[in-house]
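Report on the structure
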Amino acid sequence: MQTIATPPSQCTNAEIDAFVELVLAGGEVRAAGLTERIKQAQSLIFLKEEDQILGVAALKRPNANYRL
């Protein structure tokens, strides 16, 4: 297994799409605007085995309204 951390700007469209799909599968995040929020993250983390993405995480940059 391999853990890869990379800025969203260096991810392929397929990687971003897979990230969105896995996040939505968890059922805890609103779909509206998700792709844009993912692209604004500091770093995206992928847990991969061979070419399959098994898990994802993100180091976010929350907007000012999110911080209370």
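These notes cover the structure that comes with them.

Reading guide: rules and limits
Residues numbered from 1 in each chain as written. Predicted model: local features only at pLDDT ≥ 70, side-chain atom pairs only at ≥ 80, totals over all residues. Heavy atoms only, no water. Pairing = 2+ DSSP bridges. Helix = DSSP H or I, 4+ residues; strand = E, 2+ residues; numbered from the N terminus. Axes fitted to C-alpha atoms, helices over the stretch in contact; angles between N-to-C directions. Salt bridge = Lys/Arg side-chain N within 4 Å of Asp/Glu carboxyl O. Buried < 20%, exposed > 50% of the residue type's maximum accessible area, 1.4 Å probe, protein only. Phe/Tyr/Trp six-rings, centres within 6.5 Å; stacked < 30°, edge-to-face > 60°. Lys NZ or Arg CZ within 6 Å of the ring centre and 35° of its normal.

**A word on the sheet that holds strand β1 (residues 2-6)**
- Taken in spatial order, the 3 strands line up as β1-β2-β3 in an open sheet, and their pairing is antiparallel. Both edges of this open sheet fall to β1 and β3 (52-59), since each of them pairs with a single strand only. Each strand of the sheet is rotated relative to its neighbour by a mean of 20°, with strand direction disregarded.
- Note that strand β2 (residues 43-49) and β3 share 7 bridges and pair antiparallel.

**Here we look at the pattern of salt bridges**
- Within the structure shown, the criterion is met by 1 salt bridge.
- In this structure, Glu 15 engages Lys 48 in a salt bridge whose closest nitrogen and oxygen atoms are separated by 3.3 Å. Of the two residues, Glu 15 is situated in helix α1 (residues 13-25) and Lys 48 in strand β2; the sequence distance between them amounts to 33 residues. Accessibility assignment for this pair places Glu 15 and Lys 48 in one class, buried.

**A closer look at the packing of aromatic side chains**
- Enumeration according to the criterion identifies 1 aromatic pair in this entry.
- Pairing Phe 19 with Phe 46 gives two aromatic rings, centres 5.7 Å apart and planes at 80°, and the pair type is edge-to-face. On the criterion of sequence distance, the pair formed by Phe 19 in helix α1 and Phe 46 in strand β2 is long-range, its members being 27 residues apart.
- With relative accessibility at 3%, the residue Phe 19 sits in the buried group.
- Geometry around Phe 46 places Lys 48 over its ring, the cationic atom sitting 5.8 Å from the centre.

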